[in-house]
Every structure is written in C-alpha cells, then in structure tokens.
There are 2 protein chains.
Amino acid sequence: MATRTDAPTRREQILKEAARLFADRGFHGVGVDEIGAAVGISGPGLYRHFPGKDAMLAELLVGISGRLLTGAKRRVAEADGVAAGEVLDSLIEGHIDFALDDRPLITLHDRELDRLRDSDRKLVRQLQRQYVELWVQVVREVYPELGEAAARSAVHSVFGLLNSTPYLGRGGTLPGRGVTAELLHRMARGAFAAAGAAQG
Amino acid sequence: MATRTDAPTRREQILKEAARLFADRGFHGVGVDEIGAAVGISGPGLYRHFPGKDAMLAELLVGISGRLLTGAKRRVAEADGVAAGEVLDSLIEGHIDFALDDRPLITLHDRELDRLRDSDRKLVRQLQRQYVELWVQVVREVYPELGEAAARSAVHSVFGLLNSTPYLGRGGTLPGRGVTAELLHRMARGAFAAAGAAQG
DNA sequence: CAGGCAGGTTAGCGGTCGTTAACCTGAAGG
DNA sequence: CCTTCAGGTTAACGACCGCTAACCTGCCTG
C-alpha cells in the first residue's frame, strides 16, 4: 500500500477534472475547452496528452473497473481460511472506501458506459462481470440458501445501495466519513441477511 | 384506480419513446430526429407537440416526481391508525412497483436532473425533497432510535437499492416480477432494520 | 362546398463541438 | 550555441444538432 506523496502529473490532473465534470453534467454535456480550462490549459492542448475526448472516458472507466476488481481479488486471496462472513465484510468495506473516496467515478461507472467504443465497452463489461461473480460466490458461501439468480440480484441491489453516496451529502455535510461508512456497512449486511433469510 | 384502455395519444407516445432513448444514451446523446423516428414522424414534427427538446425532459421529470409523491401521500393518508411498519411496507411496495414498471424513468430521474431549466429543476427538487421527508418520518416512527440525519441517509441508500432494477435483468431475464419484487422488499426492510439496530 | 386547423413534410440557418493545422517557447543536452 | 522536443497557443474546418420557415394535406364544421 504505497501512498503517493509526489505531485500529480498533468495527465492525472486532466483525468481527475474530467471525471468530476463528466459526473456533473454528463459526457456529452462537457466540452473539451471546459476540461482544459479546469486544469489551466485551453481546449486543444489536451490533445498532447490524449488522442481524443473518448479516450479520457475510456481510461477512466477501465481504470475504475480494474481497480475495483484487483482490490476485491486481493481481499479474497488474503482471507484464506477465515470465515466467509469476514470476507464479505472485507469486500463491503473495500467498495465503501471506493464509493466514499471517488464519488465522481462511482457516478460515471454506471452512467456513461454506453458512450465507449465497442472494444473498450466489452473490456469494462468483462471486468465488471468478474467483480460481480466474485461477490456472488462469497455471498452464496455466507447464505447457501440463496439461489444463483437471487444472489446476483442481491449483489446488484447492494451495489445500488452502496453507490448512493453521491446523494448523501447533497444539501448539507454528511455526518462524518466514519459514521457514514459504518451505516452503509450495516445496511448492506442487513440487506444480504434479509435476502438469504426467507423463501428466496 | 381507473386503468386506461384507450389508445395512447401521440403526445404520450413521444414521451414514452423519449424516456427510453434518454435513459439509454443520455439527454445530450439523443437527437430530435431520433425521437421523431421512434414514433414514426420525423424531426421537426415534434414541435407541434412540444415547444422544445428540453420541455420533453422537463415534463418527464416533473411527472415522475409528482406521481411518486402523490402515491406516497395517498398511501400514508390511507393508513390512518395502522402500524407504522405497515405504512413503511406500503411505501416500499409503491416504490418497487414504480421501479419495476418504469425503469427508464427511474434511470432518468436521478441522472438528467441537471439538464433542466432552473425553475423546472427547483420544482422537481422540491417534489423529491417532500417525497424523502415523507419516508423519513415513517422510518423514524418505525425505528425511533434513528437520528434524523441517519434516517435520511438510510432512505437515500434504500432508494439506491430499489432503483437498481435497471441492472437486474441485463444479461438474461429476471426471475419473474413477483419474485424480484419480494426480494427487493425483504432487502429494503432488512437494510432499514440494520440501520436502526445499532449505535447509529 | 368553403374554410380553418391539427399535424405533418423538407430545406436551411446559426451555433456549438471535436479535432486538426500551424506556430510558438522555454528547458535540456551534446 | 545550436538543436530538439515537450507542451503549449490561436485559427479554422467540418459535422452535427436544435429549431424555424415555408409549405402541404386531409378532416371536421358551419
């Protein structure tokens, strides 16, 4: 877990600002001049760093999906022999960290996927699918009475719950990161438990 | 509850197709020619029914927010004297019906709000806020140990859970409407219960 | 039957947007 | 000191898009 201390490159600045703008106003709603202005250069200067506007979105979405999947794989691998319930807690924790720290990316991730070139979209979809399958396996270990279809639905719904972070602090500050994370974690576990509890 | 049997007007056709297209590719990603083609007329013919593209989005969003709020108010009013838990169940059921029957609208509802004119956006926000407050009141009756901020966060998160329906049937059919509705309902109640159970 | 109007059509204007072209500049390196 | 090149700049092009103008055509009504 090497935390970076060096300054972000221009390329990283651009990606960060583009993510924020895309999340705020949609991919088609943001012009390249605007993205350039957000990092202090103007319009076409961006083309020294990216081949086009599409490429920025692609790199953002592939990056998100990849990091989510990589982190989840690591968490599952690290927990060899520990109870399945703890692995699920770890997955939930990782997703919450991501949802709280990178809210614009969470927004983009399920909103602008269709704006990608075919090849990029397929790649992102594949990464997302692997991520979901990882969750489904762990969830079914914890709640064996859940069928596969029900487990997959439950996982998608919990993603919806966890990804609600962009709406939480809208008209005031959220009560503090730790408290919010804990609340989301409890609710996710509660939702899974309720899914596995009954005639599903 | 008068169910309509007469044919939809041209205006209604347009709104329905526009909703689907906007949800699929985003407001800015759909041209008026495309919307026209979807209902069998072409491009500028739409201007006989709407003053502009913005007006279609506005009518869709105001309509959604209004119907959600009206339905919720009715459900709360009808349940005079019954247990708060049952009122919450009724609210959840209503929201699920909506999320399952009008998936494109659910998608639009929290995605394209910022594309509206100021006055329309304020109206929609106000309707949404009233809807949330209604839920918060009922939730706090059922789980009195929840603070107001926590209850509001919980409500938003459960909305995220229930609004995940667009992702459920993506690569196959969902297991049947009734089963899905029941699963979502259980998970929502489980999430609320978990939110109210602990040191929140 | 005359007239009006609802509801279409096509042509085209004006603005915006992504992208390219051509040019500039300051710092690094032999 | 000259060259190179990374990383900018402004101007402008071509495509697209929302919208308007001008025109057409059936149906309803007095």
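On a predicted model such as this, the values are computed, not experimentally measured, just so you know.

Asker: I keep staring at the protein's contact with DNA strand C and nothing clicks. Help me out?
Answerer: Around DNA strand C sit 15 residues, and of these Tyr47 and Lys53 of chain A together with Arg10, Arg48 and His49 of chain B come closest. In the interface set of DNA strand C, defined as its atoms within 4 Å of the protein, sugar plus phosphate atoms amount to 52%. Within the backbone of Val30 of chain A, a nitrogen or oxygen atom sits 3.2 Å from a phosphate oxygen of DNA strand C. With respect to DNA strand C, the backbone of Ser42 of chain B contributes an N or O atom lying 3.0 Å from a phosphate oxygen. Considering only residue class, the surface near DNA strand C consists of six nonpolar, five polar and four charged.

Asker: What is the right way to read the relation of the copies chain B and chain A from this model?
Answerer: Here the second copy of the chain follows from the first by a rotation about an axis and a shift along it. Least-squares fitting of chain B to chain A yields an RMSD of 0.0 Å, with the superposition described by an axial translation of 0.0 Å and a rotation of 180°. Accordingly, the operation relating the two chain copies is best matched by a two-fold axis. A share of 100% of interface residues in chain B that are also interface residues in chain A marks the association as one of identical surfaces.

Asker: Is there a simple way to think about the pattern of salt bridges in this case?
Answerer: Side chains that carry opposite charge are capable of pairing whenever their charged atoms lie near each other. Under the counting rule described, the total for this entry stands at 34 salt bridges over all chains. Between Glu59 of chain B and Arg11 of chain B there is a salt bridge, with its nearest N and O atoms 2.8 Å apart. Pair noted here: Glu59 of chain B is in helix 3 (residues 53-78) and Arg11 of chain B is in helix 1 (residues 10-25), with a separation of 48 residues, a long-range link. A residue is classified by how much of its surface remains accessible, and Arg11 of chain B, at 32% relative accessible area, is partly exposed. Salt-bridge contacts for Arg177 of chain B lead to Asp97 of chain B; the nearest nitrogen and oxygen are separated by 2.6 Å. Of this pair, Arg177 of chain B sits in helix 9 (residues 177-197) while Asp97 of chain B sits in helix 4 (residues 84-101), and the two are 80 residues apart along the sequence. What emerges from the salt-bridge pattern is a single network uniting Glu133, Arg140, Glu148 and Arg152 of chain A.

Asker: How do you make sense of the interface of chain B and chain A when you look at a structure like this?
Answerer: How large an interface is tends to be reported as the accessible area lost when its parts come together. Taken together, the contact between chain B and chain A spans 34 residues of the former and 34 residues of the latter. Among the residues chain B hides against chain A, the three largest losses belong to Ser157, Arg186 and Met187 of chain B. Together they make up 19% of the total. Linking Asp110 of chain A and Arg111 of chain B is a salt bridge whose minimum nitrogen-to-oxygen distance equals 4.0 Å. Across the chain B-chain A interface, the total number found is 13 residue pairs in polar contact (both at pLDDT 80 or more). Here the residues of the side of chain B that touches chain A are counted per class, giving 15 nonpolar, 11 polar and eight charged.

Asker: Would you explain the environment of Val138 of chain A in this entry?
Answerer: Residues and elements named next belong to chain A. Along the chain, the position of Val138 falls in helix 6 (residues 118-142). As for Val138 and Val76, which are separated by 62 residues in sequence, their C-alpha atoms are 8.7 Å apart. Once residues lying within four places of it in the same chain are set aside, the contact partners of Val138 are Val76, Ala84, Val87, Leu88 and Leu91.

Asker: What is the right way to look at the protein's contact with DNA strand D in this model?
Answerer: Taken together, 15 residues surround DNA strand D, and among them Arg10, Arg48 and His49 of chain A together with Tyr47 and Lys53 of chain B come closest. The protein-proximal atoms of DNA strand D, defined as those within 4 Å of the protein, are 52% sugar or phosphate. In the model, a phosphate oxygen of DNA strand D is placed 3.2 Å from a nitrogen or oxygen of the Val30 of chain B main chain. Side-chain polar atom of Lys53 of chain B to a phosphate oxygen of DNA strand D: 2.6 Å apart, as the coordinates give it. Split by residue class, the surface near DNA strand D holds six nonpolar, five polar and four charged.

Asker: Sorry if this is basic, but what is going on with the packing of helix 7 (residues 148-162) of chain A against helix 9 (residues 177-197) of chain A here?
Answerer: All names here are of chain A. Between helix 7 and helix 9, the least distance of the axes is 10 Å, while the angle of their chain directions is 160°. Here helix 7 is positioned roughly antiparallel relative to helix 9, judged by the angle of their axes. Handedness of the crossing formed by helix 7 with helix 9: right-handed. Note on element contacts: helix 9 touches helix 7 through Leu184, Met187, Ala188, Ala191, Phe192 and Ala195, opposite Ala154, Val155, Val158, Leu161 and Leu162. The residue makeup of the contact of helix 7 with helix 9, split by class, is 11 nonpolar, no polar and no charged.

Asker: I would appreciate a short explanation of the UniProt feature "DNA-binding region" (unreviewed entry) in chain A in the present structure.
Answerer: The residues that UniProt annotates with the feature "DNA-binding region" (unreviewed entry) are residues 31-50 of chain A. From the first C-alpha to the last, residues 31-50 of chain A spans 14 Å; its make-up is 35% helix and 0% strand.

Asker: I'm lost on the packing of aromatic side chains in this one. Help?
Answerer: To describe a pair of aromatic rings, one takes the distance between the centres and the angle between the planes. One pass over the structure, following the stated rule, counts 10 aromatic pairs over all chains. An angle of 40° between the planes, with centres 6.4 Å apart, marks the rings of Trp135 of chain A and Phe192 of chain A as tilted. Of this pair, Trp135 of chain A sits in helix 6 while Phe192 of chain A sits in helix 9, and the two are 57 residues apart along the sequence. Of the residues examined, Phe192 of chain A reaches a relative accessible area of 0% and is grouped as buried. Summarising the aromatic geometry, the rings of Phe22 of chain B and Phe27 of chain B are spaced 5.1 Å apart at their centres and angled 65° between planes, so their arrangement reads as edge-to-face. Judged by relative accessible area, Phe27 of chain B falls into the buried class, the value being 4%. Among the aromatic residues, ring-to-ring pairing joins Tyr131, Trp135, Phe159 and Phe192 of chain A into one connected group. The ring of Phe27 of chain A has Lys53 of chain A lying over it, and the distance from NZ or CZ to the ring centre is 4.3 Å.

Reading the values: rules and limits
All chains use their own residue numbering, which begins from 1 and follows the written sequence. Ligands are numbered from 1 and chains lettered from A, in the order in which they are written. With pLDDT at 70 or above as the cut-off, local features in this predicted model cover only qualifying residues; side-chain atom pairs require 80 or more to be listed or tallied, and sums for whole chains, interfaces and linings still use all residues. Note: side-chain values were computed over all heavy atoms of the structure, leaving out hydrogens and water. For this description, a residue counts as near a given molecule or strand if any of its non-hydrogen atoms is within 4 Å of it. Polar contact criterion, stated in full: a pair of N or O atoms within 3.5 Å, where within protein one must be able to donate a hydrogen and the other to accept it, and residues adjacent in sequence count only if both atoms are side-chain atoms. Under the grouping applied here, Gly and all other residues not named as nonpolar or charged are polar, the nonpolar ones being Ala, Val, Leu, Ile, Met, Phe, Trp, Tyr, Cys and Pro and the charged ones Asp, Glu, Lys and Arg. Superposition of the copies used a least-squares fit over C-alpha atoms from residues whose pLDDT is at least 70 in both. By the convention used here, residues are in contact when the closest approach between their heavy atoms is within 4.5 Å. When a carboxyl oxygen of Asp or Glu is within 4 Å of a side-chain nitrogen of Lys or Arg, the pair counts as a salt bridge. The helix and strand labels rest on DSSP assignments: H or I over at least four residues marks a helix, E over at least two residues marks a strand, and numbering proceeds from the N terminus. Buried, partly exposed and exposed residues are distinguished by accessible area as a fraction of the type maximum, computed with a 1.4 Å probe on protein chains only: under 20%, between the cut-offs, and over 50%, respectively. Buried area: the accessible surface (1.4 Å probe) lost by two parts on joining, summed over both. Note on definitions: angles span 0 to 180 degrees between N-to-C directions of axes, and those axes are lines fitted to C-alpha atoms, for helices only across the stretch in contact. Angular relationships are summarised with four words: roughly parallel below 35 degrees, roughly antiparallel beyond 145, roughly perpendicular across 65 to 115, and oblique for the angles in between. In this scheme the handedness of a crossing depends on how the near helix is turned from the far one: anticlockwise by less than a right angle means left-handed, clockwise means right-handed. UniProt positions are given in the numbering used here, feature names are shortened, and annotations may be inferred rather than shown by experiment. Put simply, two rings from Phe, Tyr or Trp (the six-membered ring, in Trp's case) pair if the centres are within 6.5 Å, and we call them stacked under 30 degrees between planes, edge-to-face over 60, tilted for the rest. A positively charged side chain is recorded as over a ring if its NZ (Lys) or CZ (Arg) lies within 6 Å of the ring centre. The angle to the ring normal must also be within 35 degrees.

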